[in-house]
Amino acid sequence: MATPPCPPTIVPTMSVSSGQGAIRTSQATITSAPVASMPGREASQHEAGSPVSPCRQSSRPGPVMSSQSALGLPRQVSIATKTATAVIAQALEVVELHMAFDRFNPASPLVRQQLLGKLGLPTNAAINEMQGFKGGLNEGIWFISMSGAMDLVLKLVRCNRIANNVLTEAENFTKIARQHSSMYTDPVVAFPLKIFSCLDRAGNKRNDLIVMPKVRGERLAEWIARKFYNKQVPLMMQVFERVGGKLAEFHSRYGNAQHGDFQPSNIFYDEERGDIRFIDIGGMDVPTTETDVQHFVRSLELLAETYGKQLVHQGRRSFEQGYRSKSS
Ligand SMILES: Nc1ncnc2c1ncn2[C@@H]1O[C@H](COP(=O)(O)OP(=O)(O)OP(=O)(O)O)[C@@H](O)[C@H]1O
Ligand SMILES: [Mg+2]
């Protein structure tokens, strides 16, 4: 059933820095809901030890899936063989993509052809740029859709390190893939299937393009807004508790590695199926001064002005209770 639209709300500019990066609500904008758009990490992927020059990841170790592998199939199918699983445990595939211009543009026939070809997708797959709030740190988001297959997300990100010891998002994904290979098949997280190094006409790397499954549902930030205006507070509390539980399970699965920017814009909720999914995990396992629990709680507190202190207090209690109940 369609939900009535929420009344327009002005979201004030707000910025709080943290060990996990800034939690920011969006610039003063009129939106259809008090969306807690909280762009996450400002600086993230710290790597101890030897600095590596920026944009070096185009020479990653060998292919995980051949260009023939149909990413249009569910992930479990594309990695079904024992051999493939073993290879995946070692590396996330990074391949080159040659651009006709200096900037990635999937409307360019050259780019489109390579992209779909290297992903093993049909030539008639639709690629559409994301509209509306697209996050804070990326340089573009697109969706690939085709009938009878899972939808994909393309996230264009910077390829140069902001400091010598700070990994790029793509580098950090490669690191996570090596350390936590089971993440490839973890349905709770949107883990990359492939990363493209986008090269300009002169062969210089301009960006990384992260390809990942598109998760169903909507950002928890928007979902909260709708439920608030529909006065469905008890349901909200149940979901907060489940989010806490999912986070605790995630921490247990990955040796207490932290998501790195755990807040309502990076959590998706599919109300129809009841599924909770985590996105934006490129800063996972990066040392921070805040834990995921603290970061999420702080992101809730920023909502107090819009939803009131009582709701936020209740939300925090439910979330923490859920977390405790599933902590090992
Ligand atoms: N796997 C995914 N499935 C569905 N939507 C996605 C996925 N990844 C990204 N998006 C959409 O793109 C937006 C931006 O993605 P993401 O949060 O990863 O970018 P970001 O620039 O790191 O954002 P921020 O720093 O603001 O958290 C998300 O808010 C979401 O709407
Ligand atoms: Mg995000």
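A.B. asks: Please clarify how the nonpolar core should be interpreted in this entry.
C.D. replies: The tendency in soluble globular proteins is for nonpolar side chains to be buried side by side. Within the largest apolar cluster, 60 residues are counted, with the highest numbers of intra-cluster contacts made by Ile195, Leu209 and Val211. Considering each element in turn, this core owes the most residues, six residues, to helix α6 (residues 233–253). Residue assignment places this core across two domains, with domain 1 (57–213) and domain 2 (216–326) each supplying three or more. Ignoring anything within four residues of it in the chain, the contact list for Leu209 reads Leu97, Phe104, Leu154, Leu156, Ile195, Phe196 and Cys198.

A.B. asks: Help me out: how do you make sense of the sheet that holds strand β11 (residues 218–219) in this one?
C.D. replies: Through backbone hydrogen bonds, the strands of a sheet pair up, either in parallel or in antiparallel fashion. Pairing is antiparallel across the open sheet formed by three strands, whose spatial order is β11-β12-β13. Either end of the sheet is taken by a strand with one partner, and the two such strands are β11 and β13 (275–278). Pairing of β11 with strand β12 (residues 267–270), which is carried by two bridges, proceeds in the antiparallel orientation. Looking across to β12, one finds that Arg219 is bridged to Phe268.

A.B. asks: Honestly, the packing of helix α7 (residues 292–301) against helix α9 (residues 309–326) in this entry has me stumped. Any pointers?
C.D. replies: For any two helices packed against each other, the geometry comes down to the angle between their axes and how far apart the axes lie. Their axes nearest at 9 Å, the elements α7 and α9 cross at an angle of 165 degrees. Considering the angle they form, α7 stands roughly antiparallel to α9. Crossing of α7 against α9: the hand is right-handed. The segment α7 lies against α9, with Val293, Phe296, Val297, Leu300 and Glu301 engaging Val312, Gly315, Arg316, Phe319 and Tyr323. Across the contact of α7 with α9, the residue classes tally to seven nonpolar, one polar and two charged.

A.B. asks: Is there a simple way to think about the environment of Ala190 in this case?
C.D. replies: Relative to the assigned elements, Ala190 resides in the loop between α4 (169–179) and β9 (194–199). Judged by local crowding, Ala190 falls into the buried class, with 22 C-beta atoms found within 10 Å. For the pair Ala190 and Ile279, spaced 89 residues apart in sequence, the C-alpha to C-alpha distance is 5.3 Å.

Rules used in this analysis
- Residues numbered from 1 in each chain as written.
- Chains lettered and ligands numbered in written order.
- Predicted model: local features only at pLDDT ≥ 70, side-chain atom pairs only at ≥ 80, totals over all residues.
- Core = buried A, V, L, I, M, F, W, Y, C linked by C-beta atoms within 7 Å.
- Buried ≥ 20, exposed ≤ 12 C-beta atoms within 10 Å, placed from the backbone.
- Helix = DSSP H or I, 4+ residues; strand = E, 2+ residues; numbered from the N terminus.
- Domains from an automatic or database assignment.
- Contact = placed C-beta atoms within 7 Å.
- Pairing = 2+ DSSP bridges.
- Axes fitted to C-alpha atoms, helices over the stretch in contact; angles between N-to-C directions.
- Parallel < 35°, antiparallel > 145°, perpendicular 65-115°, else oblique.
- Left-handed = near helix turned anticlockwise from the far one by under 90°.
- Nonpolar A, V, L, I, M, F, W, Y, C, P; charged D, E, K, R; others polar.

In short, geometric facts, not functional conclusions.
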